[in-house]
Amino acid sequence: MRRLEFGWFLPTAGDTTAYGLASAQVAPSLPLFDRIVEAAEAAGFEYMLVPVQTACWEAWISSAMMVGRSKSIRMLVAARPSYINPVLLAKMIATFDQLSGGRICINLIAGQSEAENASEGIKWGKEERYEIMEEEVAILKALWTVRGPVDFDGKFYQLKGAQIRPHPLQKPYPRFYLGGGSRQAWEISAKHSDVHLFWGDTYERIRANMAKIRGMAARHGRENDIGFGMRLQVVCRPTEREAWEFAHELVAHASEAQKAFVRRHFATSEANRRVRELAASGETIEPHLWTGITQVRPGAGIAVVGDPQQCADTLQNFIDLGCHSFCLSGYLHDEEAERFGKWVMPILRERNRERMLAA
């Protein structure tokens with residue numbers, strides 16, 4: 001029984017209470033980030049997911065700034081294939097780990113949008129990016145654990161006598177998270193990840209996918225090493241009616257052009273394809289699991305919607321399936337973190353006392 005952990009989201013592209021409504025937008029800024037990180041820490045969240053899309057502020061700089069301005073929360077920062085030389089990346093992560101007192105974890109992302117990759121000079125296709133990711137993770141782990149020069153002869157990288165200083169504070173190294181939905185993503189999770197983060201889906205599909213990935217991990221002797229989590233949005237209000245009213249208002253002003261952009265620019269991502277498939281099946285995929293945000297936001301748009309008890313019940317269903325890590329977000333992000341900490345976290349803590357940190 002793994003200890004339960006909860007993470008929150010830092011919206012470095014800005015926040016909103018209504019997609020497509022200019023007056024509802026909150027621009028990214030240091031004061032905004034401060035409010036969100038402070039609220040997340042106070043609510044009991046242990047890590048902070050920092051996004052990396054083109055519209056977002058740079059993730060490594062933002063993470064370093066916020067870890068220095070906070071007390072305990074870890075930063076979940078993306079390692080994207082071919083963006084940073086893996087020797088430099090190993091040194092960056094190890095330095096961050098030492099200077100922060102072990103407050104970093106690594107999010108493996110191959111990229112959701114081919115158009116975005118092309119705009120940033122990434123010439124590799126999706127399959128090649130996963131191959132590059134595999135080599136980069138192998139290099140990171142070797143540089144962090146081998147005491148002495150590292151040689152590596154791969155398809156994309158060749159190293160002769162590589163060394164870094166310092167080595168990570170966390171032993172043997174910081175934890176790896178991965179949230180992809182393709183077979184290649186699952187293979188890398190099975191071999192390397194500490195946590196595979198699923199996007200919202202039906203309970204039966206999550207159960208089946210966990211079994212598949214665990215079976216793949218067994219081929220690497222890691223069936224007991226791989227853990228599972230959920231990446232979800234949250235709309236929690238005092239009553240179910242208030243929650244649904246806010247949820248529908250959140251997407252009511254989005255233009256058809258905005259919706260078309262999401263469909264077009266993220267069409268090749270398997271995880272985004274599955275989200276669109278779920279949205280086409282109806283407004284909810286399970287009681288209190290809503291597909292609405294997927295129309296206006298790429299990525300993990302499935303939301304838990306309801307009153308505190310209903311939100312806790314929904315998350316408990318995933319816990320009972322075997323998920324132990326929950327990476328959540330909501331609107332506005334400081335206010336939703338506060339609500340979750342006051343209303344939902346105590347219910348989950350009471351139900352899972354032996355698996356959660358003390359309040």
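Rules of the game
Residues numbered from 1 in each chain as written. Predicted model: local features only at pLDDT ≥ 70, side-chain atom pairs only at ≥ 80, totals over all residues. Heavy atoms only, no water. Helix = DSSP H or I, 4+ residues; strand = E, 2+ residues; numbered from the N terminus. Buried < 20%, exposed > 50% of the residue type's maximum accessible area, 1.4 Å probe, protein only. Contact = heavy atoms within 4.5 Å. Areas by Shrake-Rupley, 256 points an atom, 1.4 Å probe, with all protein chains shown as cover. Lys, Arg positive; Asp, Glu negative; His and termini not counted. Charge placed at Lys NZ, Arg CZ, Asp CG, Glu CD. Pairing = 2+ DSSP bridges. Right-handed = clockwise from strand over helix to strand, strands pointing away. Disulfide = S-S within 2.5 Å. Axes fitted to C-alpha atoms, helices over the stretch in contact; angles between N-to-C directions. Parallel < 35°, antiparallel > 145°, perpendicular 65-115°, else oblique. Left-handed = near helix turned anticlockwise from the far one by under 90°. Core = buried A, V, L, I, M, F, W, Y, C linked by side-chain atoms within 4.5 Å. Salt bridge = Lys/Arg side-chain N within 4 Å of Asp/Glu carboxyl O. Phe/Tyr/Trp six-rings, centres within 6.5 Å; stacked < 30°, edge-to-face > 60°. Lys NZ or Arg CZ within 6 Å of the ring centre and 35° of its normal.

(A) Fine view of the overall build of the protein chain. Looking only at helices and strands, the protein chain features twelve helices and 15 strands. Along the longest, intermediate and shortest principal axes, the C-alpha atoms of the protein chain span 60 × 45 × 40 Å. Out of the 359 residues belonging to the protein chain, those deemed buried represent 57%. Long-range contacts, defined as pairs at least 24 residues apart, comprise 74% of the intrachain contacts of the protein chain with a sequence gap of at least 6. For the protein chain, the exposed area adds up to about 14,900 Å²; of that, 54% sits on carbon and sulfur atoms. Separation of charge centres in the protein chain, based on 43 positive and 43 negative side chains, amounts to 4 Å.

(B) Looking closely at the pairing of strand S10 (residues 195-199). The buried count for S10 comes to five of five residues, which makes it a mostly enclosed element. Side chains Val 195, Leu 197 and Trp 199 project from S10 onto one buried face, and the interleaved His 196 and Phe 198 project onto a second face that is buried too. Looking at chain direction, strand S9 (residues 176-178) and S10 are connected through two bridges and run parallel. Directly across from Tyr 177, in S10, lies its bridge partner Val 195. Between the parallel elements S9 and S10, the chain passes through helix H6 (residues 183-192) in a crossover that is right-handed. Bridging between S10 and strand S11 (residues 227-236) involves five bridges; their strand directions are parallel. Among the inter-strand pairings, Val 195 is bridged to a residue of S11, identified as Gly 227. Traced from S10 through helix H7 (residues 203-218) to S11, the parallel crossover comes out right-handed.

(C) Here's a closer look at the state of the cysteines. Counted under the stated rule, the structure contains zero disulfides. For the unlinked cysteine Cys 56, the closest cysteine sulfur is that of Cys 327, found at 13 Å. Classification of Cys 56 by relative accessible area gives buried; the value is 15%. Distance from the sulfur of Cys 323, which forms no disulfide, to the nearest cysteine sulfur (Cys 327) is 13 Å.

(D) Quick look at H6. Three or more residues of H6 are buried, namely Ala 185, Trp 186, Ile 188, Ser 189, Ala 190 and His 192. Residues of H6 that are buried make contact with strand S6 (104-108), helix H5 (126-145), S9, S10 and H7.

(E) A look at the side chain of Gln 316. Mapping Gln 316 onto the fold places it in helix H11 (residues 308-321). Judged by relative accessible area, Gln 316 falls into the buried class, the value being 9%. Those residues in contact with Gln 316 that sit more than four places away from it in its chain are Leu 348, Arg 351 and Asn 352.

(F) Inspection of the packing of helix H2 (residues 59-68) against helix H3 (residues 86-100) at higher detail. Remark: H2 packs on H3, axes separated minimally by 11 Å, with the N-to-C direction vectors making an angle of 15 degrees. It follows from the interaxial angle that H2 and H3 lie roughly parallel. Two packed elements cross with a definite hand, and for H2 against H3 that hand is left-handed. Residues Trp 60, Ser 63, Ala 64 and Val 67 of H2 form the contact with H3, whose own contacting residues are Leu 89, Met 92, Ile 93, Phe 96 and Ser 100.

(G) Quick peek at the nonpolar core. Counting 89 residues, the largest nonpolar core has Phe 6, Phe 45, Phe 318, Leu 328 and Phe 340 as the members making the most contacts within it. Broken down by element, the residue count for this core peaks at eight residues, all from H5. Ignoring anything within four residues of it in the chain, the contact list for Leu 328 reads Phe 6, Gly 7, Trp 8, Phe 9, Phe 45, Arg 231, Leu 232, Val 234, Leu 315 and Phe 340. By size, the runner-up hydrophobic cluster in this structure holds 15 residues, among which are Trp 244, Phe 246, Ala 247 and Leu 250.

(H) Layout of the environment of Gly 322. In this fold, Gly 322 is placed in the loop between H11 and strand S15 (325-329). Between the C-alpha atom of Gly 322 and that of Met 216, which follows or precedes it by 106 residues, the distance is 17 Å. Look past the residues within four positions of Gly 322 in its chain and what remains in contact with it is Met 210 and Phe 228.

(I) Broad picture of the pattern of salt bridges. One pass over the structure, following the stated rule, counts 17 salt bridges. Arg 339 is paired through a salt bridge with Glu 336; the nearest N and O atoms lie 3.1 Å apart. In this pair, Arg 339 and Glu 336 both sit in helix H12 (residues 333-351), three residues apart, roughly one turn of the helix. The same class applies to Arg 339 and to Glu 336, which are both buried. With its nearest N and O atoms 2.6 Å apart, the salt bridge here joins Glu 350 to Arg 353. Arg 353 gets classed as exposed once you look at its relative accessible area, which sits at 56%.

(J) Focus on the packing of aromatic side chains. A full pass over the atoms with the stated rule returns 15 aromatic pairs. Ring centres 5.5 Å apart and planes at 35 degrees place the aromatic pair Phe 45 and Phe 340 in the tilted group. Taken together, the positions of Phe 45 in the loop between helix H1 (30-43) and strand S4 (47-49) and Phe 340 in helix H12 put the pair 295 residues apart, joining distant regions of the chain. Of the two residues, Phe 45 and Phe 340, neither departs from the other in class, the shared state being buried. Among the aromatic residues, those joined into a cluster by ring pairs are Phe 6, Trp 8, Phe 45, Phe 326 and Phe 340. If you follow Arg 237 out to its NZ or CZ, it ends over the ring of Phe 246, 4.2 Å from the centre. The ring of Phe 9 is capped by Arg 297, whose NZ or CZ atom sits 5.5 Å from the centre of that ring.

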